[in-house]
Amino acid sequence: MTFREKLHNNLDGISPSDELLSRVSQMMAEEAEKPKQPIYLNVAKWGAMAAAVCLIAVGAVSFFGKGSESTTPDIAVADASGYSLEKDFVETSATDEAKTEETLSVSLPEYQNKNAYENLDINPVTKGLPSSFEEIMNGRYDEIDSFYLLRIADTLDTSEASQLKGYDPDLDSEAFFYNAIIEYDYIGKAAGNETIIVRIPCEEGCPPYATGDSLAVVLQKKDESKGYRKRFSYVFNYDIYEIDGISYGAVRSQSLNEAEKGLTDFFGGNIVEYETTMPTNPAVYYGLYEIDGIAENLRNLLSE
Amino acid sequence: MTELSLCTRESFDAVMRHYSDMVYRLALSRTGNPADADDILQEVFLRYIKADKTYNDEEHRKAFLLKITINCTKSFLTSAWNRHRDFAEADENTGGYDKRLSDIETKSEVYGALLKLPQKYRTAIHLFYYEDLSVAQIAKATGAGESAVKSQLSRGRAMLKELLEGVEFDDIP
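Counting restarts for each chain: residues are numbered from 1 in the order of the written sequence. Chain letters and ligand numbers both follow the written order, the letters beginning at A and the numbers at 1. This being a predicted model, a pLDDT of at least 70 is required before a residue's local features are given, and a value of 80 or more before pairs of side-chain atoms are given or counted; all residues contribute to the totals for chains, interfaces and linings.

Let's shift gears to the overall build of chain B. Segments assigned H or I by DSSP are reported as helices when at least four residues long, segments assigned E as strands when at least two residues long, and all are numbered from the N terminus. Within chain B, the secondary structure is distributed over 10 helices and zero strands. Ordered by position from the N terminus, the helices and strands of chain B form the series α-α-α-α-α-α-α-α-α-α. We call a residue exposed when 12 or fewer other C-beta atoms sit within 10 Å of its C-beta, buried when the count reaches 20 or more, and partly exposed for counts in between; the C-beta positions come from the backbone. Out of the 173 residues belonging to chain B, those deemed buried represent 42%. Considering only residue pairs separated by 6 or more positions, chain B has 56% of its internal contacts joining residues 24 or more positions apart. C-beta atoms are placed from the backbone for every residue, and two residues are taken to be in contact when these atoms lie within 7 Å.

Written as structure tokens, this is what we have:
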């Protein structure tokens, strides 16, 4: 008897339990009845608006200047530390080899945020970013609001942005302000329709996004002293791709340092390697992560 | 298999029942743990229903399910939670699944040997000799290159020959 035949003999008798199958059947039935989770913009629907906003974006880039250095990282250093991830990071580094072996190479489909990249000036800001894993996370969990799917509705021009409560011309001139719609809360697993103003700095080039773009982002809790919302950290700011029915978040990588890569891996879980097949897409990513995995890790963290 | 493209509760259920063994056995081969294979089975079919894809034929559906099983186990094995899991504690608290695994290893000599291989070799051997996938199909499902798959099969076979005296392999690519 060959190995193939013996393997079939052995494995054919191994099956999931009836109890498990009944449970899965019930879960599938419940899932089928849920409203569909919105994932992507309809490019055709937003195409016309994007063309108009491109003009605004070009003007904004000219106005704000190009490639200037930020003195205002989006990430503040917190004082109290009830939990340290530095230790975990060091311990998990031993798994890097195994992770590399298990990565899945994929060719990216059409870029979802191509509107932004039509005008993107890739000249990343690299100063002022946190230098350690601890610096990013220590004592800051209570600042996290949730992990959202946002759709950019339009860009605020400089005069509009300057009228926002809490706007600081010295600190905020390197950032873009957008009207954005919260379409889904990945942690709360709930659809949304709230319109917010979100501040997105130019770490990965300016303008970071354009009308119609979708992004998955962890936002800080609302600060009543400000008329806009901020990201928790730009390493939790993902471009979205759908591959085989699964949503992946891609982390822009131009200025990621090692600590931020560690943080991204910690929350993102599996790294998916990719090949860029579109010569016109200048996006450079550190990795692709399953959106559901990121959400689950954040949900677990916040429930601790 | 009859056409199951209609998105009814009955059709989803029929797909799950039809492919549950395939998904479960692959998940078990990759994780080496029946309890983890249980969790992955649930996750795979939740993703299947969320994807709500249209399939050209049953081969297409099967390829999709194999691929998301591989992706789910990857996510599971490299998740922050799994990397920090205390396996000794897990075994103490869940003696039931540990017993299931030892039953499999005891009663199934060949499969028990397969579970002793490094994971990437297990996956290639499982897909080639149990699911009857070609090297090209395995490469597509796992994201590895065809030469890498051939190498995994070759090394996996060499290890199995050491573990299983006298075993013969057919269809060596």
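So that's the structure; there's more coming.
Residues and elements named next belong to chain A. Burial runs high along strand β5 (residues 214-220): six of the seven residues are buried. Two strands pair under a simple rule: DSSP has to find at least two bridges between them. In this structure, strand β2 (residues 144-155) lies alongside β5, joined through seven bridges in antiparallel fashion. Bridge assignment links Ser 146 to a residue of β5, and that residue is Leu 219. Pairing between β5 and strand β7 (residues 237-243): three bridges, direction antiparallel. For Val 217, the partnering residue across the bridge sits in β7 and is Asn 237.

The next thing to look at is the packing of helix α8 (residues 119-130) of chain B against helix α10 (residues 146-163) of chain B. Residue and element names in this part refer to chain B. Note on method: axes are straight lines fitted to C-alpha atoms, helices fitted across the in-contact stretch only, with angles between N-to-C directions ranging 0 to 180 degrees. Look at α8 against α10: their axes get within 8 Å of each other, and the N-to-C directions meet at 95 degrees. When the axis of α8 is compared with that of α10, the two are roughly perpendicular. Of the residues in α10, those in contact with Lys 120, Tyr 121, Ala 124, Ile 125 and Phe 128 of α8 are Val 149, Gln 152, Leu 153, Arg 155, Gly 156 and Met 159. Oblique is the label for any angle not under 35 degrees, not over 145, and not in the 65 to 115 range, which are roughly parallel, roughly antiparallel and roughly perpendicular in turn.

Picture the strands of a sheet paired through backbone hydrogen bonds; they go either parallel or antiparallel. Residues and elements named next belong to chain A. What the eight strands build is an open sheet, ordered β6-β4-β3-β2-β5-β7-β8-β10; its pairing is mixed. Taken across any chain shown, the strands that pair with only one partner, and hence form the sheet edges, are β6 (229-230) and β10 (285-290). Bridging between strand β4 (residues 190-201) and β6 involves two bridges; their strand directions are parallel. Across the sheet, Arg 199 pairs through a bridge with Lys 230, a residue of β6. Along the sheet face, helix α11 (residues 291-302) touches β2, β5, β8 (246-252) and β10 and points at about 75 degrees away from the line of β10.

This part covers the environment of Ile181(A). Position of Ile181(A) relative to the elements: it lies in strand β3 (residues 175-185). Linking Ile181(A) and Val198(A), residues 17 residues apart in sequence, is a C-alpha distance of 9.5 Å.

Let us now look at unusual backbone geometry. Of note in the backbone geometry, Lys189(A) takes a positive phi value of approximately 55 degrees without being a glycine. One can find Lys189(A) in the loop between β3 and β4. Backbone geometry places Asp132(B), a non-glycine residue, at a positive phi of 60 degrees.

Time to look at the nonpolar core. Counting residues in hydrophobic clusters, the biggest one holds 49 residues, and the most contacted among them are Leu41(B), Val44(B) and Ile138(B). The biggest single contributor to this core is helix α1 (residues 9-31) of chain B, with nine residues. Each domain span listed reflects an automatic or database assignment of domains. Residues from two domains meet in this core; each of domain 1 (8-107) and domain 2 (108-166) of chain B gives at least three. The contact partners of Ile138(B), leaving out residues within four places of it in the chain, are Ala124(B), Leu127(B), Phe128(B), Leu133(B) and Val149(B). Residues Leu150(A), Ala161(A), Ile246(A) and Leu298(A) belong to the second largest nonpolar core, which totals 48 residues. Joined through C-beta atoms within 7 Å, a set of buried Ala, Val, Leu, Ile, Met, Phe, Trp, Tyr and Cys residues constitutes a nonpolar core.

Turning next to α11(A). The periodicity of an α-helix, 3.6 residues per turn, causes residues three or four positions apart to be oriented the same way. Compared with an ideal rise of 1.5 Å per residue, which puts 12 residues at 16 Å, α11(A) spans 16 Å between its outermost C-alpha atoms and is within 8% of the ideal. Buried within α11(A) are the following residues: Ile291(A), Asp292(A), Gly293(A), Ile294(A), Ala295(A) and Leu298(A). By this rule the span expected of a helix is its residue count minus one, scaled by 1.5 Å.

Further remarks concern the confidence of the model for chain B. Any region with low pLDDT has predicted coordinates that should not be read closely. Residue and element names in this part refer to chain B. Per-residue pLDDT for chain B has a mean of 78; in total, 73% of the residues score no lower than 70. Within chain B, α8 carries the highest mean pLDDT (90), whereas helix α5 (residues 87-93) carries the lowest (46). Residue-level confidence of the predictor is what pLDDT reports, using numbers from 0 through 100. Taken as a whole, residues 83-98 scores under 50 in pLDDT and shows 10 contacts with residues more than four places along the chain or in a different chain.

Glancing now at helix α2 (residues 18-33) of chain A. Residues and elements named next belong to chain A. For α2, which comprises 16 residues, the first-to-last C-alpha distance of 23 Å matches the rise-based estimate of 22 Å (1.5 Å per residue) to within 8%. Along α2, the residues classified as buried are Leu 21, Val 24 and Met 28. Seen end-on, α2 carries its buried residues on one side only, within an arc spanning 60 degrees. Turned more than 90 degrees away from the buried face of α2 sit Glu 19, Ser 22, Gln 26, Glu 30 and Glu 33, all of them exposed. For this quantity, the arc is that covered by the directions from the helix axis to the C-beta atoms.

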